[in-house]
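# Structural features, examined
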Amino acid sequence: MTRTREPESKSKTSSPSSSSTGMKLIVPLQGVVQGRGGILLGSLIPCALFYFFQLYLKKRRRSNDKHPSSNPPSPSSSFPELPRTPSRSNLSSRGSLTGVRLSRLATTISDDDSAYYVGLNRASRDPYHKLTNPDGIIQLGLSDNTLSLDLIGDWMRKWGSGGDDGLSINGIATYQAFDGVDELKLALSDFMHQVMGGSVHFDTSNMVLTAGATPAIEILSFCLADHGNAFLVPTPYYPGFDRDVKWRPGVDLIPVHCRSADNFNLSMTALEQAYSQARKRGVKVRGILVSNPSNPVGNMLTQDMLYNLIDFAEDKNIHLIVDEVFAGSTYGSEKFVSVAEILESDSEYIDNRRIHIIYGLSKDLALAGFRVGVIYSFNKNVLATARKLCRFSSISAPTQRLVTSMLSDKKFIQDYFETNRNRMRQVHHEFVDALSKIGIKCAKSSGGMFCWADMSGLIKPYSEKGELELWEKFMSIAKINITPGSACHCIEPGWFRICFTTMSLDEIPLVIERIRRVVEVCKFSS
Amino acid sequence: MGLKIEQQQHQQTCVELSKIAISNTHGEDSPYFAGWKVYDENPYDEFTNPSGVIQMGLAENQVSFDLLEKYLEEHRETKGASGTSFKENALFQDYHGLKSFRSAMASFMGEIRGNRVKFDPDRIVLTAGATAANELLTFILANSGDALLVPTPYYPGFDRDLRWRTGVNIVPIHCDSSNNFQITEQALESAYKDAESMGYRVRGILITNPSNPLGITIQRSVLELLLDFVTKKNIHLVSDEIYSGSVFSSSEFVSVAEVLESRNYKNSAERVHIVYSLSKDLGLPGFRVGTIYSYNDKVVTTARRMSSFTLISSQTQNLLASMLSNKSFTKSYIKINRERLNKRYQMIIEGLKSAGIECLKGNAGLFCWMNLSPLLENKTSRESELELWNAILREVKLNISPGSSCHCLEPGWFRVCFANMSENTLKIALERIRKFMERIRSQQ
């Protein structure tokens, strides 16, 4: 920290000599005490002497400062006691020695070493490619959907450049409404209506568009809670929430643990408990954050559970945020129920000002690169604030135009959904089947792009440490990147999220073979 | 049962929102934004609403739009030239950004500075606009409660962008007309002391070069002074250079990058960060393309991670990558854009002069800094300035930005934008001003 009000208590020249002098004292001392008193005295006395010597030197340095040197004061360090050898002498400025400081937030971010991100990085540095890098790392840690990307590619090739007229930038170069152009809002409202089962009407005046669902979650966090407040969130949860809710909004996430015995479905008892415990600790809970379909498990909230959550939110007078980005990525037999559907059918009895929905096109339409997210809220004040905040995260105008065009192609959207659903169902079925044949069971799921696999039988010890060791084995032996449950705050060790939507049917055997390698290694060593 | 629930609802207070949601630190209460609202309610249109309000409060560049359109028309088939196929492009959301696009931005930024400096594509962090870049940098360089020093007058949006979500304070470095609003060492020291006396820890200085709203480039000697100052205080220097391509004469702009290079990047580089965007120079604010260029590795890494909240669409990156790497296009665009802006500037200065209005001698930007202090009833009163501003807005039907919104200490200065309209509209605006001045003179 720069303290320029008082000159700092350091003069360059004394540093190097003091440490060597100190050492010269210690060595002969150790020899003296080794004869009597043994190791304890032998280490204690020289340490004490060293400490007192440093104190003496420090006092001396302080008195030297009454005559400031011609060089500007060096920046204060947090460790003034330790002598340092300056790496450069005669600096005209000392700024470079300790470096100019960054914020606390910056340090938190740069130190973030969650396995989720580490895995993504390692996989991206050595990516598998069928022909050019067959021994590379297969990325199964990113919930992208490439199963139907060919359809997107075809559409883009035909219409992506705007057809015969070319992509005109007329009318989109200038400043647009930061919360999204009306045409796109209309197109999205239609699209969401389709995706959520055709039973909900989405009003464009309740929409704020953002550059992806990531800033949508962050902006909502800024609107609904203050720094130091908290949201309750069922575990396991999407690792990105830690970034979206905690980093800049400074809102904490209090885990509400779900168990494999319940297929990781949320228990209202656990929710109540988590809430009261938070209250006892003096933490102000401002809302509940859930994802539906859930990431990473892939299960869906039943209508009953949604009502329970709404009642709970009403009872405690808090918010309910439902992240529905995977609403259109379902493959099971269960029907997806959006919280919006419940609000529409029961609008007289529920205060909808506390319910907020997150949506986006990164998952259901595989357009992650285009950055299209939606905040859907009935709360006028939230909408007003979000509209101002989304200037930091607006959707690029040409992309708004392109996506509007794509969403308006109803036939294409229909085809895409049908084809995609079939492909997802197929790959999911085959993959889960193949996994069970090598002894790995998955939680029951009906949506999302991943399986939640139980590898607890392969880990030793049965702990987070054992889980991370297994994760490392997957990375280095099997050369696949999967997400360990601890990165998702799962309370039971040994669960892993494996994304299956970046695999084609004929790549499944390859992936299974690699996983089998690790299974064998674990069985062998146990 | 229905009635009971209704009663319950009525008694129950509405669910609370955050302090950020209910505060007014968004800074949008100032006349700067109020004027826009009046414009929105009654916007001028040559044919359909010729007596409407002319927008001269929005720094948008529409003078060279045809050049862009022409390029895109001629190069339709080279879209996707970056090598990624259409479908991969749709999925690509890596916060490093497309390599080809970063290289293109680095090349373009170099071109604007006459290739006197080179920019390393790996030091470029992409953000959805300079607004996001400035906020992001503030989050990284300062803690909530700390302060950034900003020379006045400054862009009103900074009050929101640098302070709202970050909780960081702005302490002004006061500049005045006695020396053409240049930053002095005395002003710097004074601002630093002000911050300290308010109990704020100063983390950096943020300058805009060329300056908004002044419309002038910062002299090299002042940049040297700033670098020395931040080095001495061990703080950061952020140079917002979004108008660097809008300098009327290329030889008059000196980027902080050039000063760093002349010092061989010794000692000071890690504290310097440059913000750039395509919203002004290229007139593409709708595209949301901004960058942070930092000489500090940790800032680059951290900014990149934080940019997840403000990524540029991969489609847009792809679309612009080949255009910005096309040296013959960028060279020609920059030259023609400069000439057209200069022409507009001369036009408005002449027009104002013939109406009896003086402006600060500018050499850059999309606006001029107009001096109406002779018209003020009370030359030291901010209220007087706002009365005049209101009169111009309501009677003359021109939305211009009052200096007080830009935190200018001297009342009577106004920022007037000239590049966001056709030449015809500008003529009409000048005519309205001329008539207004005549009215005032005849009244006196």
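Cut-offs used in this document
Residues numbered from 1 in each chain as written. Chains lettered and ligands numbered in written order. Predicted model: local features only at pLDDT ≥ 70, side-chain atom pairs only at ≥ 80, totals over all residues. Heavy atoms only, no water. Phe/Tyr/Trp six-rings, centres within 6.5 Å; stacked < 30°, edge-to-face > 60°. Helix = DSSP H or I, 4+ residues; strand = E, 2+ residues; numbered from the N terminus. Buried < 20%, exposed > 50% of the residue type's maximum accessible area, 1.4 Å probe, protein only. Contact = heavy atoms within 4.5 Å. Buried area = accessible area lost by both parts, 1.4 Å probe. Salt bridge = Lys/Arg side-chain N within 4 Å of Asp/Glu carboxyl O. pLDDT = per-residue confidence, 0-100. Core = buried A, V, L, I, M, F, W, Y, C linked by side-chain atoms within 4.5 Å. Domains from an automatic or database assignment.

## A short note on the packing of aromatic side chains
Residue and element names in this part refer to chain A. Overall, the coordinates contain 37 aromatic pairs over all chains when judged by the stated rule. Taking 5.7 Å as the distance between ring centres and 75° as the angle between the ring planes, the aromatic pair formed by Y331 and F500 counts as edge-to-face. Note that Y331 is positioned in the loop between β6 (319–323) and α12 (339–345) and F500 in the loop between β13 (495–499) and α17 (508–525), a separation of 169 residues in sequence. Summarising the burial analysis for this pair, Y331 and F500 share the class buried.

## What about the interface of chain B and chain A?
Of the residues lining the interface, 83 residues belong to chain B; the matching set on chain A comes to 91 residues. Across the interface of chain B and chain A, roughly 7700 Å² is buried in total on both sides, 57% from carbon and sulfur atoms. Of all residues in chain B, the largest losses of buried area upon contact with chain A belong to B:L91, B:R165 and B:F309, amounting jointly to 11% of the total for that side. Scanning the region where chain B abuts chain A turns up four salt bridges. With its nearest N and O atoms 4.0 Å apart, the salt bridge here joins B:E16 to A:R286.

## With respect to the confidence of the model for chain B
Across chain B, the average pLDDT comes to 91, with 95% of residues at 70 or higher. In the predicted structure, residues 1–12 of chain B sits below a pLDDT of 50 and forms eight contacts with residues beyond four places in sequence or in another chain.

## Thoughts on the nonpolar core
Counting 153 residues, the largest nonpolar core has A:F431, A:M455, A:I515, B:M56 and B:I348 as the members making the most contacts within it. Split by domain, this core shows at least three residues from each of two domains, domain 2 (115–148 + 414–525) and domain 3 (150–161 + 169–412) of chain A. Dropping the residues within four chain positions of it, A:I515 is found in contact with A:F431, A:L435, A:I438, A:I440, A:F474 and A:I480.

## Topic: the confidence of the model for chain A
All names here are of chain A. Averaged over chain A, the pLDDT score is 84; the fraction of residues at 70 or greater is 80%. Below pLDDT 50 for its whole length, residues 1–35 participates in 56 contacts with residues either more than four positions away or in separate chains. pLDDT under 50 marks residues 63–97. Its contacts with residues more than four places away, or in other chains, come to 52 contacts.

## Brief notes about the pattern of salt bridges
It is possible for side chains bearing opposite charge to pair when their charged atoms get close. By the definition in use, this model includes 47 salt bridges over all chains. Across the salt bridge formed by A:D351 and A:R353, the nearest N and O atoms sit 3.0 Å from each other. A relative accessible area of 8% means that A:D351 is categorised as buried. The exposure class of A:R353 is partly exposed, given its relative accessible area of 34%. Two residues, B:K343 and B:E423, come together in a salt bridge whose shortest N-O distance is 3.1 Å. A residue pair is termed long-range when its members are at least 10 positions apart, and B:K343 in helix α14 (residues 327–354) and B:E423 in helix α16 (residues 423–443) qualify at 80 residues. Given a relative accessible area of 53%, B:K343 falls into the exposed group.

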